[in-house]
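As a plain string of letters, each chain reads:
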Amino acid sequence: FDAGPGYDAYAASDAQLEENSKTKPKEWLDFDKSDGKVYLKNEWEPRAVRSWSAISGGFQVIDPVTGKVTKTYAPLANGKYLVTGEEKPFGADFPGMEVVEDDEKISFKYRLEPTFGAPVKGLAMHPEGGPYGTKGCIGIQEDNRGFRGIMTDRLGKFSLGYKVDTDRDPTMEVNVRD
């Protein structure tokens with residue numbers, strides 16, 4: 001993604017964010033589990049604007065005594081979800097949700113809320129920092145800094161889970177399919 005020289009989603013002024021929200025088309029994310037990609041799409045473009053490798057499920061619990069797998073987590077169920085603005089990063093408390101890119105630690109969490117009545121809680125989009133797989137969340141496997149920058153630009157600024165710029169819609173749709 002190249003937004004032009006000098007563009008920095010983290011340093012964008014409130015006026016820039018406000019102007020961007022007025023001139024941009026409706027956007028959403030598609031997560032295709034069959035090809036392991038999250039696609040950023042919008043109503044003006046026939047193809048995806050951007051994509052990232054991602055995974056859902058596959059995390060295994062291994063018995064420390066026997067070394068055998070005792071549980072494997074399933075991927076996120078198909079359907080439509082709302083992704084909300086960034087919550088408090090986990091960092092060292094949850095090392096699988098933190099990655100290092102270009103010598104910088106990156107940790108984020110965007111909560112996923114099903115819109116189809118699924119009785120699940122605690123799902124999120126976050127970096128896939130290993131061990132391999134997630135517990136049903138969507139783990140972004142590449143360019144986490146770019147993903148976070150785009151999500152911050154689209155959803156607004158948050159600080160420790162509280163919305164800072166209250167004039168922007170803090171949600172985006174995510175469609176999950178096989």
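Preceding block: the structure.
Throughout, a residue's number is its position along its own chain's written sequence, starting from 1. Restriction of local features to residues with pLDDT of at least 70 applies here, the model being predicted, together with a cutoff of 80 or more for giving and counting side-chain atom pairs; totals for whole chains, interfaces and linings are based on all residues. Hydrogens and water are ignored here; the side-chain numbers use all heavy atoms of the structure.

1. Here's the deal with the side chain of asparagine 144
Okay, so step 1: As for its position among the elements, asparagine 144 is in helix 2 (residues 144–155).
Okay, so step 2: Throughout, exposure labels follow a simple rule: accessible area from a 1.4 Å probe, protein chains only, divided by the maximum for the residue type, with under 20% read as buried, over 50% as exposed, and the rest as partly exposed. On the accessibility criterion, asparagine 144 (1% relative accessible area) is buried.
Okay, so step 3: We call two N or O atoms a polar contact when they sit within 3.5 Å, provided that within protein one can donate a hydrogen and the other can accept it, with sequence-adjacent residues counted only if both atoms are side-chain atoms. Side-chain polar atoms of asparagine 144 contact the backbone oxygen of isoleucine 140, separated by 3.5 Å.
Okay, so step 4: The residues touching asparagine 144, leaving out its near neighbours within four places in the chain, are Val99, Glu101, Ile106, Phe108 and Pro127. Helical segments are the DSSP runs of H or I of at least four residues, strand segments are the runs of E of at least two, and each set is numbered from the N terminus. Any two residues having at least one pair of non-hydrogen atoms within 4.5 Å are treated as being in contact.

2. Observations regarding the packing of aromatic side chains
Okay, so step 1: Stacked, edge-to-face and tilted labels apply to pairs of Phe, Tyr and Trp rings (six-membered ring for Trp) whose centres lie within 6.5 Å, assigned for plane angles under 30 degrees, over 60, and everything in between, in that order. Applying the stated criterion across every chain yields a total of six aromatic pairs.
Okay, so step 2: Relative to phenylalanine 147, the ring of tryptophan 52 lies with its centre 5.0 Å away and its plane at 90°, an arrangement referred to as edge-to-face. Of this pair, tryptophan 52 sits in strand 3 (residues 50–56) while phenylalanine 147 sits in helix 2; the two residues are 95 residues apart in sequence, bridging distant segments of the chain. Here tryptophan 52 matches phenylalanine 147 in class, with each residue buried.

3. Remarks on the nonpolar core
Okay, so step 1: What is meant by a nonpolar core is a set of buried Ala, Val, Leu, Ile, Met, Phe, Trp, Tyr and Cys residues, joined one to another through side-chain atoms within 4.5 Å. If you look at the biggest cluster of nonpolar residues, it comprises 27 residues, and the most contacted ones within it are Val38, Leu112, Met125, Ile138 and Val174.
Okay, so step 2: The biggest single contributor to this core is helix 2, with four residues.

4. Section: the sheet that holds strand 1 (residues 27–32)
Okay, so step 1: Any two strands with at least two DSSP bridges between them are considered paired. Reading around the barrel, the eight strands line up as 1-2-3-11-10-9-6-14 and close back on themselves, with mixed pairing between neighbours. Neighbour-to-neighbour, the strand axes of this sheet turn through a mean angle of 35°, independent of strand direction.
Okay, so step 2: As defined by bridge partners, strand 3 adjoins strand 11 (residues 138–140) across three bridges and the pair is classed as antiparallel. Across the sheet, residue isoleucine 55 finds its bridge partner in strand 11, namely glycine 139.
Okay, so step 3: Across the sheet, helix 2 lies against strand 1, strand 2 (37–42), strand 3, strand 6 (79–86), strand 9 (110–114), strand 10 (124–127), strand 11 and strand 14 (171–177), angled at about 90° from strand 6, the strand it touches most. Axes here mean lines fitted to C-alpha atoms, for a helix over just the part in contact, with angles spanning 0 to 180 degrees between N-to-C directions.

5. A few points about the pattern of salt bridges
Okay, so step 1: Think of a salt bridge as a Lys or Arg side-chain nitrogen and an Asp or Glu carboxyl oxygen that are within 4 Å of each other. Within the structure shown, the criterion is met by 10 salt bridges.
Okay, so step 2: Across the pair arginine 50 and aspartate 143 runs a salt bridge, and its minimum N-O distance is 2.5 Å. Within this pair, whereas arginine 50 is found in strand 3, its partner aspartate 143 is found in the loop between strand 11 and helix 2, the two being separated by 93 residues in sequence.
Okay, so step 3: Among the ionic pairs, lysine 80 bridges to glutamate 173, the shortest N-O distance being 3.6 Å. Of the two residues, lysine 80 is situated in strand 6 and glutamate 173 in strand 14; the sequence distance between them amounts to 93 residues.
Okay, so step 4: According to the relative accessible area criterion, lysine 80 is partly exposed, its value standing at 34%.
Okay, so step 5: One network of salt bridges, in which partners are shared, links Asp30, Asp32, Lys41 and Arg177.

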